[in-house]
Amino acid sequence: MTFLIDGYNLMFALGLVGRKTPAPQFERARTKFLDWLASRLKGREASARVVFDAQQAPTPSLETVHRGVRVRFAYQRTADDVIEELVEVEPKPRTVTVVSNDARIADAARRAGCGVASCQEFTDWLIGEAKEYGAKKGAAPEPDKPDPAAEDTDELLRVFTTPESHRFPGHKP
């Protein structure tokens, strides 16, 4: 299974950045997000390709790999545009799940025959025990599964205990 992820959409949904996040802090948050994603995918039957908006980028860049996660910036376009194009030409759409809360992207993915997961569904899977996306809940856990690493627990606690007003731009408590 390959997850095609609307990068900033997921970062905003997780509360890692907001609309007024300064550029240097935004770049650090993006790197930490990619690190977190790579560590959560390790040992799972899945890979990830993350597309970030890059409408203001001065030059195009090649797709790179960050700790096993493929990363692409949508030069002078939105991630939505690039994701729509990628699903249209995907030779094996049933092996791809698009992750976004954007209805336009979800519709394009369904038309192409890809799976769709909301940011919440994907995050629930990432922090859950199922190694394979779509695995049945309640399946017997692996007997030798190690406890989560301290840094994973700390990061999740930080992400999910951020005050709500910082997680949802424009939301007033």
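In what follows, the accompanying structure is described. Keep in mind that this is a model prediction, so the values were computed, not measured. Throughout, residues of each chain are indexed from 1 in the direction in which the sequence is written. Restriction of local features to residues with pLDDT of at least 70 applies here, the model being predicted, together with a cutoff of 80 or more for giving and counting side-chain atom pairs; totals for whole chains, interfaces and linings are based on all residues. In computing side-chain values, all of the structure's heavy atoms are included and hydrogens and water are not.

**Some remarks on the overall build of the protein**
Numbered from the N terminus, helices here are DSSP runs of H or I no shorter than four residues, and strands are runs of E no shorter than two. Assigned secondary structure in the protein consists of 7 helices and 6 strands. Relative accessibility under 20% of the residue-type maximum defines a buried residue, over 50% an exposed one, and the middle range a partly exposed one, all with a 1.4 Å probe and only protein chains included. Taking all 173 residues of the protein together, 39% fall into the buried category. Taking all contacts inside the protein whose residues are at least 6 apart in sequence as the whole, residues at least 24 apart take part in 52%. Areas reported as accessible are Shrake-Rupley estimates using a 1.4 Å probe. Residue values count occlusion only from the protein chains shown. With the model as given, the accessible surface of the protein reaches about 10,500 Å², and the carbon-plus-sulfur share is 51%. Whether two residues are in contact is decided by their heavy atoms, any of which lying within 4.5 Å being enough.

**Focus: the pairing of strand E1 (residues 2-6)**
Along any regular strand, the residues point their side chains to alternate faces of the sheet. Within E1, 4 of the 5 residues are buried, which leaves it mostly tucked inside the rest of the structure. Think of it this way: DSSP has to see at least two bridges between two strands before they count as a pair. Examined bridge by bridge, E1 and strand E2 (residues 47-54) share 5 bridges and lie parallel to one another. Each bridged residue has a counterpart across the sheet, and for Asp6 the counterpart in E2 is Val51. Relative to strand E5 (residues 96-99), E1 is paired through 4 bridges, and the arrangement is parallel. If you follow Phe3 over to E5, its bridge partner there is Thr97.

**Looking at the packing of helix H2 (residues 23-41) against helix H5 (residues 119-127)**
One way to put it is that H2 packs onto H5 with a least axis distance of 9 Å and a crossing angle of 55 degrees. In this view, H2 runs oblique relative to H5, as classed from their interaxial angle. Crossing handedness for the pair H2 and H5: left-handed. Of H5, the residues touching H2 (which contributes Trp36, Leu37, Arg40 and Leu41) are Phe122, Thr123, Trp125, Leu126 and Ile127. Side-chain classes follow a simple rule in which Ala, Val, Leu, Ile, Met, Phe, Trp, Tyr, Cys and Pro form the nonpolar group, Asp, Glu, Lys and Arg form the charged group, and the remainder, Gly included, forms the polar group. Considering only residue class, the contact of H2 with H5 consists of 7 nonpolar, 1 polar and 1 charged. Only the stretch in contact is used when fitting a helix axis, every axis being a line fitted to C-alpha atoms; angles between N-to-C directions are given from 0 to 180 degrees. Roughly parallel means an angle under 35 degrees; roughly antiparallel means over 145; roughly perpendicular covers 65 to 115; every other angle is labelled oblique. Working rule for handedness: look at the near helix, and if it is turned counterclockwise from the far one by less than a right angle, call the crossing left-handed; if clockwise, right-handed.

Note that every value here comes from positions in space, so none of it alone points to a role or purpose.
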